[in-house]
Protein chains: 2
Amino acid sequence: MNKQDVTQSLANVRIVLSHTSHPGNIGAAARAMKTMGLEHLYLINPERFPDKQADIMAVSAVDVVQNAVVCKSLDEALQGAVLVVGVSARVRDISQEILTPRVAMPQIVQQAMQQPVVLLFGTEMCGLSNDELARCQFMVTIPANPEYSSLNLASAVQLLCYELRLAAGLDTIPAPELVPAPAEQLERYFVHLEQTLDQIGFFRTQHSTKLMYKLRRLYMRARLEQEEVNILRGILTTTTDFRIRQNNKTNQ
Amino acid sequence: MNKQDVTQSLANVRIVLSHTSHPGNIGAAARAMKTMGLEHLYLINPERFPDKQADIMAVSAVDVVQNAVVCKSLDEALQGAVLVVGVSARVRDISQEILTPRVAMPQIVQQAMQQPVVLLFGTEMCGLSNDELARCQFMVTIPANPEYSSLNLASAVQLLCYELRLAAGLDTIPAPELVPAPAEQLERYFVHLEQTLDQIGFFRTQHSTKLMYKLRRLYMRARLEQEEVNILRGILTTTTDFRIRQNNKTNQ
């Protein structure tokens, strides 16, 4: 599987919202899509659209809302799609293959590498109609609390687009550059620490070997950075310098 | 790791929202939490709360909103928590360990099996303050579109609670009971199909072996259920019966 094909597969995924009641949900869904790198939004007979509330909820995804394709029929919205996947919370009366997002998304991404696929969402109140279900190759359901499994429409869009993004291999985050200290720098720190604790007389009441193991455990677990080692050694140096300064003062 | 301890770990997870501006987001966050089986919501100095808009957006999670603990300080909200994890979209200026939800959540669940842990969310506009960041053991960031990575607050809550739920092993969905046909039933169907196609003269123009392999491929891929095999065989029987009835009519 070509890495580039996989990441570009998101461009072949169409989010279709059927008969959405609240325009705010359309805007929120557009925002959810854009944060995950999806852009093709289709709306089947939305109750109110275009609408100011959709733009407000979209925040910086107003472009997705403005480029949304408004369709008069299911046929129009599914035109050209080689795979239609329905999203539903109510699965009791569905006798269709139902997968979790984590199992389904890699399959969807694989198909979307070459041809358009559709994720079909029903209305806020009733989900997908029987006619809509009949157009789906399979269903996706989000694992949820059995006592209250009704996610907000835009939240469901967010979750599925997130799983799509991860399945497309776009799972990295812009982490800050940490500069961990190498082993030898850590060892010099521990030698410095032990010397200092000895100088200030801490080992008169504590067993040095045992205590050094405990302090090692703490600092190893923290995975010290180079800058942090410098700060800690600076504190050690100042501690002994302070004693020297104090002694000088006393001796004057 | 005891299975029951893991699933009960969600009860030890506290969602803390700091200085939330819009009460609708508090309600939507409560709904997101409840759908994933979480219930402990803490609010640090919310701008407007309680508020009708919070109840509206909570839908059937009004209980989570009503039981929310309103705190005057960060100290109050973190009281008793042995692990505080910050959630942030803006990571450039953070020099802290940052993990993706999928990597972080198993660690959080493991800790939550025994003691309270906190997921700390900042304001809608500015995220976490420096003082809040300084209280976190590590950070979680959701992989997102680098050109627009700002998720709605409740969507971020939804996503992290979903990952928590999966990490706690609650990843099943109430799938309908399918009754797949066993191998021998499928073979009887294919024999019946071949006989029927032969009787109606379809193999006069088609190579039977090659064609039967193609039809097998289709029906095997569909993973037929028992009821479906019965329907398909019923169609085959009706097809040959129809020919017999027609022949009888012609011969009369």
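Residues numbered from 1 in each chain as written. Chains lettered and ligands numbered in written order. Predicted model: local features only at pLDDT ≥ 70, side-chain atom pairs only at ≥ 80, totals over all residues. Heavy atoms only, no water.

Caption draft 1: The interface of chain B and chain A, seen in detail. Taken residue by residue, the interface counts 45 residues in chain B and 45 residues in chain A. Summed over both sides, the interface between chain B and chain A buries roughly 3,800 Å², with carbon and sulfur atoms accounting for 61% of that surface. Among the ionic pairs, E163 of chain A bridges to R102 of chain B, the shortest N-O distance being 3.0 Å. Listed by contribution, the elements that provide at least two residues to the side of chain B that touches chain A are α2 (23–35), β5 (98–99), α6 (101–112) and α8 (153–167) of chain B. In the side of chain B that touches chain A, the residues fall into 23 nonpolar, 14 polar and eight charged. (Contact = heavy atoms within 4.5 Å. Buried area = accessible area lost by both parts, 1.4 Å probe. Salt bridge = Lys/Arg side-chain N within 4 Å of Asp/Glu carboxyl O. Helix = DSSP H or I, 4+ residues; strand = E, 2+ residues; numbered from the N terminus. Nonpolar A, V, L, I, M, F, W, Y, C, P; charged D, E, K, R; others polar.)

Caption draft 2: How the structure looks around the packing of helix α2 (residues 23–35) of chain A against helix α8 (residues 153–167) of chain A. All names here are of chain A. It is at 8 Å that the axes of α2 and α8 come closest, and there the two elements cross at 15°. The angle between α2 and α8 falls in the class roughly parallel. For α2 against α8, the interelement crossing comes out right-handed. In contact with N25, A28, A29, A32, M33 and T35 of α2, α8 contributes L153, A154, V157, Q158 and C161. Of the residues belonging to the contact of α2 with α8, the class tally is eight nonpolar, three polar and no charged. (Axes fitted to C-alpha atoms, helices over the stretch in contact; angles between N-to-C directions. Parallel < 35°, antiparallel > 145°, perpendicular 65-115°, else oblique. Left-handed = near helix turned anticlockwise from the far one by under 90°.)

Caption draft 3: Highlighting the pattern of salt bridges. Taken as a whole, this structure holds 14 salt bridges over all chains when the rule is applied. Note that K34 of chain A and D63 of chain A form a salt bridge whose closest N and O atoms lie 3.1 Å from each other. With a gap of 29 residues between them, K34 of chain A in helix α2 and D63 of chain A in helix α4 (residues 62–66) connect regions that are remote in the sequence. What makes K34 of chain A buried here is its relative accessible area of 18%. Ionic contacts of the salt-bridge type, sharing partners, join the residues R102 and E163 of chain A together with R102 and E163 of chain B into one network. (Buried < 20%, exposed > 50% of the residue type's maximum accessible area, 1.4 Å probe, protein only.)

Caption draft 4: Main features of the sheet that holds strand β7 (residues 138–140) of chain A. Residues and elements named next belong to chain A. Overall, parallel pairing links the seven strands, which are arranged β3-β2-β1-β6-β4-β7-β5 in an open sheet. What marks the edges here is a single partner per strand, and that holds for β3 (69–71) and β5 (98–99). Where strand β4 (residues 83–87) and strand β6 (residues 117–121) come together, five bridges link them in parallel fashion. Residue pairing for β6: V84 is matched across the bridge by V118. On top of the sheet, α2 reaches β1 (13–18) and β2 (40–44); it is set at about 160° to β2, its chief contact. Here α8 sits on the sheet in contact with β1, β4, β6 and β7, set at roughly 155° to β6. (Pairing = 2+ DSSP bridges.)

Caption draft 5: Here's a closer look at the confidence of the model for chain A. Overall, the predicted model of chain A reaches an average pLDDT of 92, with 96% of residues at or above 70. The ipTM for the predicted assembly is 0.88, set against a pTM of 0.90. (pLDDT = per-residue confidence, 0-100.)

Caption draft 6: A look at the packing of aromatic side chains. All told, the structure shown has six aromatic pairs over all chains when counted by the stated rule. When the centroid spacing of 5.4 Å and the interplanar angle of 50° are considered together, the rings of Y189 of chain A and F190 of chain A count as tilted. Judged on exposure class, the residue Y189 of chain A and its partner F190 of chain A are both buried. Geometrically, the ring pair formed by Y189 of chain A and Y219 of chain A is edge-to-face, given 5.4 Å between the ring centres and 85° between the ring planes. Here Y219 of chain A lies in helix α10 (residues 208–221) and Y189 of chain A lies in helix α9 (residues 183–199), a separation of 30 residues in the sequence. With respect to class, Y189 of chain A is no different from Y219 of chain A; both count as buried. Three or more aromatic residues joined by ring pairs make a cluster, and in this case those are Y189, F190 and Y219 of chain A. Geometry around Y42 of chain B places R14 of chain B over its ring, the cationic atom sitting 4.5 Å from the centre. (Phe/Tyr/Trp six-rings, centres within 6.5 Å; stacked < 30°, edge-to-face > 60°. Lys NZ or Arg CZ within 6 Å of the ring centre and 35° of its normal.)

Caption draft 7: Broad picture of the domain arrangement of chain A. Assigned domains of chain A: these are domain 1 (3–167) and domain 2 (183–251). Spacing between the C-alpha centres of domain 1 of chain A and domain 2 of chain A amounts to 58 Å. (Domains from an automatic or database assignment.)

Caption draft 8: Here's a closer look at helix α9 (residues 183–199) of chain B. Residue and element names in this part refer to chain B. Taking 1.5 Å per residue as the helical rise, α9 with its 17 residues ought to reach 24 Å, and the 24 Å between its terminal C-alpha atoms agrees with that figure. Listed in full, the buried residues belonging to α9 are Q185, L186, Y189, F190, H192, L193, T196 and L197. When α9 is viewed along its axis, its buried side chains cluster within an angular range of 165° and face the same direction. Among the exposed residues of α9, those pointing more than 90 degrees away from its buried face are A183 and D198. Close packing links the buried residues of α9 with α10 (208–221) and α11 (226–251). (Expected span 1.5 Å × (residues − 1). Arc of directions from axis to C-beta.)

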